[in-house]
Amino acid sequence: MAVGKNKRLSKGGKRSQKRKVGDTMLGKEWYDVVAPSAFTVRQCAKTICNKSKGTALAADSLKGRIFEVCLGDLMSKGEENDDKVYKARNMRLKAEEVQGRSVLTNFYGMSMTTDALKVLFKKWVTLIEGHFECKTSDGYTLRLFAITFTRKSAEEQQQRNAHCQSSHVKKIRQKMGEIIMRTVTKSTLEKVVRNLQQEVMGKEINKACNSIYQLSDVNIRKVSFFFKASSQTDPYAAHFLLQSRHQAHFLW
């Protein structure tokens, strides 16, 4: 087609209009993540989500989110605590309730960091592991994974390795399960979290198994949240959630 015949076309050809791009952050809002009462630092993180539009509510998109926070950030720096234990553990928190601009969370699991776990492995020793499924007194079912290593009985030991027999491994694993089951079943979820912070179960296992074989580095390396108690049927779970709401009201 000859140039100039179609008045709608210019010499440069048909140019597309540029679409105006707005700021996407204008349609979002920030929320404060509130940790459970078992931790000293309650406001541990912030999260972002889209603003409520029509039937799409912001609270629905926040519920169910999982936050992984280092235990050292959840504990106060002024306390006399073992920073090595705190820095080597990550806590998982799950969003349960949204109140204003605060997201109330509950304990959802724990795991040791990869670097702290790999440092424990050594030559000439026996690795002993065990996992146990326990139910707390307030109806939460947890799965705990324990790990430990054998060590030389004394510095004067001439033998190079510190391997133990399979019968010793079975006895240690059995004793490990008894201590973990007894501690968890008699405690609420909040008390179990406090025990994990101070590594109480690891110290009890080490003390109880010294008569069987010398152990070192007894740790609860992982905790999985296996089943959640219903607040409608369990009064303890309802009380725990009401306590978190009450404390969040005074925080904000």
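Our structure's up above, just so we're on the same page.
Throughout what follows, the structure given in this document is the object of discussion. (Residues numbered from 1 in each chain as written. Predicted model: local features only at pLDDT ≥ 70, side-chain atom pairs only at ≥ 80, totals over all residues. Heavy atoms only, no water.)

Buried residues dominate strand β7 (residues 141-150), accounting for nine of its 10 residues. The sheet contact formed by strand β6 (residues 127-135) and β7 spans nine bridges and is antiparallel. Within β7, the position partnered with Cys134 by the bridge is Leu142. Counted between consecutive antiparallel strands, the loop separating β6 from β7 contains five residues, among which Gly139 sits at a positive phi close to 95°. Examined bridge by bridge, β7 and strand β8 (residues 215-227) share nine bridges and lie antiparallel to one another. Looking at the pairing, Phe145 lines up with Lys222 of β8. (Buried < 20%, exposed > 50% of the residue type's maximum accessible area, 1.4 Å probe, protein only. Helix = DSSP H or I, 4+ residues; strand = E, 2+ residues; numbered from the N terminus. Pairing = 2+ DSSP bridges.)

Further remarks concern helix α7 (residues 200-208). Within α7, burial applies to Met201, Gly202 and Ile205. Down the axis of α7, the buried side of the element spans an arc of 100°, and every buried residue falls inside it. In α7, those exposed residues whose orientation departs by more than 90 degrees from the buried face are Lys203 and Lys207. Lining the buried residues of α7 we find β7, α5 (166-185), α6 (189-198) and β8. (Arc of directions from axis to C-beta. Contact = heavy atoms within 4.5 Å.)

Turning our attention to the pattern of salt bridges. This model, assessed by the stated rule, comprises eight salt bridges. The partner of Glu29 in a salt bridge is Arg101, with the nearest N and O atoms 3.1 Å apart. With a gap of 72 residues between them, Glu29 in strand β1 (residues 28-34) and Arg101 in the loop between β4 (89-99) and β5 (102-112) connect regions that are remote in the sequence. Glu129 is the partner of Arg221 in a salt bridge, and the nearest nitrogen-oxygen pair spans 3.2 Å. Note that Arg221 is positioned in strand β8 and Glu129 in strand β6, a separation of 92 residues in sequence. Taking the relative accessible area as the measure of exposure, Arg221 reaches 22% and is therefore partly exposed. Classification of Glu129 as partly exposed rests on a relative accessible area of 34%. (Salt bridge = Lys/Arg side-chain N within 4 Å of Asp/Glu carboxyl O.)

Counting residues in hydrophobic clusters, the biggest one holds 48 residues, and the most contacted among them are Phe39, Leu144, Ile180 and Ile220. Among the elements that make up this core, the one with the highest residue count is α5 (six residues). Setting aside residues no more than four positions away along its own chain, Leu144 makes contact with Gly130, His131, Phe132, Cys134, Ile180, Val184, Met201, Ile220, Lys222 and Val223. (Core = buried A, V, L, I, M, F, W, Y, C linked by side-chain atoms within 4.5 Å.)

The next subject is the packing of α5 against α7. Where α5 meets α7, the closest approach of the two axes is 10 Å, and the angle between their N-to-C directions is 140°. When the axis of α5 is compared with that of α7, the two are oblique. By crossing handedness, the relation of α5 to α7 is classed as right-handed. Within the contact between the two elements, α5 uses Lys175, Met176, Ile179, Ile180, Arg182, Thr183 and Val184 and α7 uses Met201, Glu204, Ile205 and Ala208. For the contact of α5 with α7, the per-class residue count stands at seven nonpolar, one polar and three charged. (Axes fitted to C-alpha atoms, helices over the stretch in contact; angles between N-to-C directions. Parallel < 35°, antiparallel > 145°, perpendicular 65-115°, else oblique. Left-handed = near helix turned anticlockwise from the far one by under 90°. Nonpolar A, V, L, I, M, F, W, Y, C, P; charged D, E, K, R; others polar.)

Further remarks concern α5. Taking 1.5 Å per residue, 20 residues should reach 28 Å; α5 reaches 28 Å between its end C-alpha atoms and fits that length. Listed as buried for α5 are Val169, Ile172, Met176, Gly177, Ile179, Ile180, Thr183 and Val184. For α5, the secondary structure elements touched by its buried residues are β6, β7, α6, α7 and β8. (Expected span 1.5 Å × (residues − 1).)

This part covers the pairing of β5. Within β5, nine of the 11 residues are buried, leaving the element largely enclosed by the surrounding structure. Taken together, the three bridges between β1 and β5 define a ladder with parallel strand orientation. Its bridge partner being in β5, Val33 is matched across the sheet by Val103. Relative to β8, β5 runs antiparallel, the two being bridged by three bridges. Across the sheet, the residue bridging to Gly109 is Ser224, located in β8.

Take the side chain of Thr183 next. Looking at the element boundaries, Thr183 is found in helix α5. Each residue touching Thr183, except ones within four places of it in the same chain, is listed here: Asn195, Met201 and Glu204.

For the rest of this paragraph, the subject is the environment of Ala162. Summarising the element assignment, Ala162 is placed in the loop between β7 and α5. Counting along the chain gives 11 residues from Ala162 to Arg151, while the straight-line C-alpha distance between them is 5.5 Å. When neighbours within four sequence positions are excluded, Ala162 is seen to be in contact with Trp124, Val125, Thr126, Thr150, Arg151, Lys152 and Tyr213.

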